[in-house]
Amino acid sequence: MSTPQPPGAPAPGEPQYVYGVTRSGAVLPPEVNGLDDRPVSLVEDGGVCAAVVSALPGGRALGERADLVAHQRVLNALVDAGTVVVPFRFGAAMADRAAVQKELLAANAERLGQVLDELDGKIELRLKATYVQETVLREIMAADPEIAELSRRLREVPPDIADAVYYDRVRLGELIAQAMQRRRDRDGQALLDGAAPAAEAFTSKPPVREEDVLDASFLVRADRRAEFERTVDDLGRAHADRVRVRLIGPLPPYDFVPEV
């Protein structure tokens, strides 16, 4: 005879979607549902770690925007509640709760415990900085006579012969891009150097857009968050005429989770 399951309890044999790993016995935030609005629960194996999961109907493909939103919603709720979590990238699914216990938790117990210890009491904050482009372009024109002269000459070219100076326009674009890169390297490093001492660790991503100066994530002790935010505010004020600084978070600490 099978043991009766309480209403809403996940069926043991159902596929499971995994959001991340936390401490065994963690209290999940109330009223937070996962994919397909399914309730989120813990899978434990009797050790120090537990997986945060929800049931995933068999044969259901992943990849809808709503799935990604639900994944992030669960992890953000854990972070907002102050729950230490090793976040998984979107798309982690396992055959059933027994597979989560054996293949994920039991097989990786020591390493997962180490990562949880490393993240405990810390949050991820992301600093994004972008140029006030008009200001920086004026700086470039003022600092580089070749760019300024080429720009002046091109402005004076009559529209009916614009094609004749095509390569000059290309050259101007290249010179401006190179000058922008030099400033980005200098200014991005200055912002990174200013913020890093208030954090435990940091990692930066290559700029994507021409106006991007810095996109960096910082691992910050929760009890030093206010200090870090003051540091970033000070940097923002110091560079306000030419750089806009924005701080995002706290976020799930994706950038500080090693391969498990």
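From a predicted model like this one, the values you see are computed outputs, not experimental measurements.

(A) Inspection of helix 1 (residues 65-80) at higher detail. In this model helix 1 runs 22 Å from its N-terminal to its C-terminal C-alpha over 16 residues, within 8% of the 22 Å that 1.5 Å per residue would give. Along its buried surface, helix 1 packs onto strand 1 (16-23), strand 3 (49-55), strand 4 (85-87) and strand 9 (243-251). Immediately downstream of helix 1, the backbone of Gly82 shows phi near 80°, a positive value.

(B) Seen up close, the pattern of salt bridges. Enumeration over the complete set of coordinates arrives at 19 salt bridges. Arg23 serves as the salt-bridge partner of Asp117, at 2.8 Å between the closest nitrogen and oxygen. Linking Asp117 in helix 3 (residues 109-119) with Arg23 in strand 1, this pair joins segments that are 94 residues apart in sequence. Accessibility expressed as a relative area gives 49% for Asp117, which makes it partly exposed. Two residues, Asp255 and Lys205, come together in a salt bridge whose shortest N-O distance is 3.4 Å. Of this pair, Asp255 sits in the segment after strand 9 while Lys205 sits in the loop between strand 7 (201-204) and strand 8 (212-221), placing them 50 residues apart in sequence.

(C) Spotlight on the nonpolar core. Ranked by internal contacts, the top residues of the largest apolar core, which has 29 residues, are Phe218 and Phe228. Looking at this core, the elements with two or more residues in it are strand 6 (122-131), helix 4 (133-143), helix 5 (145-155), helix 6 (166-195), strand 8 and helix 7 (225-238). Here this core takes eight residues from helix 6, the largest share from any one element. When near neighbours in sequence (up to four residues on either side) are disregarded, Phe218 contacts Ile123, Glu124, Leu125, Leu127, Leu192, Ala195, Ala196, Ala199, Ala201, Phe202, Phe228 and Phe256. Counting 20 residues, the second-largest nonpolar core is a separate cluster that includes Val53, Phe88, Met94 and Leu116.

(D) Summary view of the environment of Gly188. On the secondary structure map, Gly188 appears in helix 6. Considering only alpha carbons, one finds Gly188 and Arg38, 150 residues apart in sequence, at a separation of 43 Å. When near neighbours in sequence (up to four residues on either side) are disregarded, Gly188 contacts Arg183, Val213 and Leu214.

(E) Layout of the sheet that holds strand 9. The sheet built from four strands is open, its strands ordered 7-8-6-9 with antiparallel pairing. Two strands bound the open sheet, and with one partner strand each, they are strand 7 and strand 9. Direction aside, neighbouring strands of the sheet carry axes that sit 20° apart on average. As paired strands, strand 7 and strand 8 are joined by four bridges and run antiparallel to one another. Bridge pairing links Phe202 to Phe218 in strand 8. Across the sheet, helix 7 touches strand 6, strand 8 and strand 9, and the angle it forms with strand 9 is around 165°.

(F) Seen up close, the packing of helix 4 against helix 6. Orientation of helix 4 relative to helix 6, taken along the N-to-C sense of each, is 110°, at an axis distance of 10 Å. If you check the angle between helix 4 and helix 6, you find them roughly perpendicular. In this structure, helix 4 contributes Val136, Leu137, Glu139, Ile140, Met141 and Ala143 to the contact, and helix 6 contributes Ile176, Ala179, Met180 and Arg183. For the contact of helix 4 with helix 6, the per-class residue count stands at eight nonpolar, no polar and two charged.

(G) A look at the environment of Leu35. Within the secondary structure, Leu35 sits in the loop between strand 1 and strand 2 (41-44). Apart from the residues lying within four places of it in its own chain, the contact partners of Leu35 are Tyr17, Tyr19, Ser54, Leu56, Leu62, Asp67, Ala70 and His71.

(H) Looking closely at unusual backbone geometry. Looking along the chain, the bond that leaves Gly249 and enters Pro250 is cis, with omega of 10°. Inspection of the secondary structure puts Pro250 in strand 9.

Thresholds, definitions, all that
Numbering of residues starts from 1 in every chain and runs along the sequence as written. In keeping with the predicted nature of the model, local features appear solely for residues at pLDDT of at least 70, side-chain atom pairs appear and are counted solely at 80 or more, and the whole-chain, interface and lining totals rest on all residues. Water and hydrogen atoms were dropped before computing side-chain values, which therefore reflect all heavy atoms in the structure. Numbering of helices and strands starts at the N terminus; helices are DSSP runs of H or I of at least 4 residues and strands are runs of E of at least 2. To estimate how far a helix should reach, multiply one less than its number of residues by 1.5 Å. Should any heavy atoms of two residues lie within 4.5 Å, those residues are considered in contact. Whenever a carboxyl oxygen of Asp or Glu lies within 4 Å of a side-chain nitrogen of Lys or Arg, that contact is scored as a salt bridge. Type-normalised accessible area, obtained with a 1.4 Å probe on protein chains alone, sets the label of each residue: buried when under 20%, exposed when over 50%, and partly exposed for intermediate values. Take the buried Ala, Val, Leu, Ile, Met, Phe, Trp, Tyr and Cys residues and link them wherever side-chain atoms come within 4.5 Å; each set so joined is a nonpolar core. Strands qualify as paired when DSSP identifies two bridges or more between them. In this analysis, axes come from line fits to C-alpha atoms, helices being fitted only over the stretch in contact, and the angle between any two N-to-C directions falls in the range 0 to 180 degrees. In what follows, roughly perpendicular refers to angles from 65 to 115 degrees, roughly parallel to angles under 35, roughly antiparallel to angles over 145, and oblique to any angle outside these ranges. Throughout this entry, Asp, Glu, Lys and Arg are counted as charged residues, while Ala, Val, Leu, Ile, Met, Phe, Trp, Tyr, Cys and Pro are counted as nonpolar. The remaining residues, Gly among them, count as polar.

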